[in-house]
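# Residue-level structural notes
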Amino acid sequence: MPKNTLLDKRRTILLYPAVQLCLFRMLNIDLHCHSNISDGILPPAEVAARAKANGVDVWALTDHDEVDGIREARQAAADVNLEYVPGVEISVTWAGQTVHVVGLHIDETSESLVCGLAATRAGRERRATDIAGQLATAGIPGALEGALKFVGNPDLISRMHFARYILELGLCTDVGDVFRNYLIEGKPGYVPHRWATLQDAVGWIRGAGGIAVMAHPGRYKYSDLAFGELFDEFKQLGGTAIEVVTGSHTVDQYSQYAKVANHYGFLGSRGSDFHGPGESRVELGALPPLPDNVKPVWHDWPR
Ligand code: AMP
Ligand code: MN
Ligand code: MN
Ligand code: MN
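To start, this report covers the structure provided alongside it.

Procedures and definitions
- Residues numbered from 1 in each chain as written.
- Chains lettered and ligands numbered in written order.
- Predicted model: local features only at pLDDT ≥ 70, side-chain atom pairs only at ≥ 80, totals over all residues.
- Heavy atoms only, no water.
- Helix = DSSP H or I, 4+ residues; strand = E, 2+ residues; numbered from the N terminus.
- Polar contact = N/O pair within 3.5 Å; in protein donor to acceptor, adjacent residues only side chain to side chain.
- Contact = heavy atoms within 4.5 Å.
- Donors = N, O, S within 2.8 Å, 3.2 Å for Na, K, Ca; no water.
- Buried < 20%, exposed > 50% of the residue type's maximum accessible area, 1.4 Å probe, protein only.
- Axes fitted to C-alpha atoms, helices over the stretch in contact; angles between N-to-C directions.
- Parallel < 35°, antiparallel > 145°, perpendicular 65-115°, else oblique.
- Left-handed = near helix turned anticlockwise from the far one by under 90°.
- Nonpolar A, V, L, I, M, F, W, Y, C, P; charged D, E, K, R; others polar.

## Points about the side chain of His34
The residue His34 is located in the loop between strand 1 (29-30) and helix 2 (44-53) in this model. In terms of polar contacts, His34 uses its side chain to reach the backbone carbonyl oxygen of Thr62, at 3.2 Å. Setting aside its immediate chain neighbours within four residues, His34 contacts Asp39, Gly40, Val47, Leu61, Thr62, Asp63, His64, Glu89, Asp273, Phe274 and His275.

Here it is as structure tokens:
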């Protein structure tokens, strides 16, 4: 083989992963959002259609503690020729705070995952009654019935449904305003709750053949020391990635968590955390791309 051809071939081989990574960066990938199977507003098929209309190329629906929307989401995505990734967002309690872990490429029929999620959902109904009791004491009667009007899945009543009711009453200006005044620690309607352990959540995801991604780390209020322990433990349990570009992060946090990802050897993920039109800060597929210095969680996904 002439020398130049060989050189070209080598170059192509060497360049190939870089070209692939570059092409992957150009895709619009949204790996975090919700339907009315948890606390989103739209049914899974409408979320799929909206993702497609917004130019999303690869899409994951990640309902809280629930995989019931996956069948509809997968079918709807296929109908509009949208690449689909089965997902879930699991509620975890770690060091007294709630942490969310997204599972991607899960087998939603995995028995340990299905049972684990059912156990995680189990306390929600009781908690909702307690939240409503507190709100009644604070002068907002009928909050359980009010919240239930927004619930698509009786198994999954979330603080978000209460937030929508409080908004409907005109007591707050938007969802952020609700969560500054109600439903959080120290405010009316806050009921402490123990979710899954980090070990269980990552174990269920990995047991279902999935990839564990820590959702919106910038939202947690840990000390630097505790954050280090959280990331170490997540890594040790087999966590693969953290969300870097998410609707919950500021622009400064994109670069901050890109550094964190590189420091701990995590891949980076991107997801809007879209819940509904006119409600979410960020639309499906509308976030900036991942920073160049972080390796995308999808870098080796077959297409
Ligand atoms: P739960 O799982 O019932 O505790 O509800 C948590 C949900 O409430 C999250 O998934 C968000 O949808 C919503 N939420 C919590 N805090 C906020 C906030 N500060 N702004 C907007 N939505 C929030
Ligand atoms: Mn939510
Ligand atoms: Mn979350
Ligand atoms: Mn979410």
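So that's the structure; there's more coming.
## What about the coordination of the manganese ion (ligand 3)?
The manganese ion (ligand 3) binds to the protein through Glu89 (OE), His100 (ND1) and His216 (NE2), with metal-donor distances spanning 2.1 to 2.2 Å. In the primary sequence, the donor residues of the manganese ion (ligand 3) line up as E-x10-H-x115-H. The distance between the manganese ion (ligand 3) and the manganese ion (ligand 2) comes to 5.7 Å. Taken as a pair, His100 in strand 4 (residues 97-104) and His216 in the loop between strand 5 (211-214) and helix 10 (224-237) lie far apart in primary sequence, 116 residues in all. In this structure His216 comes out as buried when scored by relative accessible area, which is 1%.

## Topic: the packing of helix 10 against helix 11 (residues 251-264)
Between two packed helices, the angle of one axis relative to the other and the distance separating the axes together describe the packing. Their axes nearest at 11 Å, the elements helix 10 and helix 11 cross at an angle of 50°. Considered as vectors, helix 10 and helix 11 are oriented oblique to each other. Regarding helix 10 and helix 11, the two cross each other, and that crossing is right-handed. Contacts from Phe227, Gly228, Phe231, Asp232 and Lys235 of helix 10 reach helix 11 at Tyr257, Val260 and Tyr264. Grouping the constituent residues of the contact of helix 10 with helix 11 by class yields five nonpolar, one polar and two charged.

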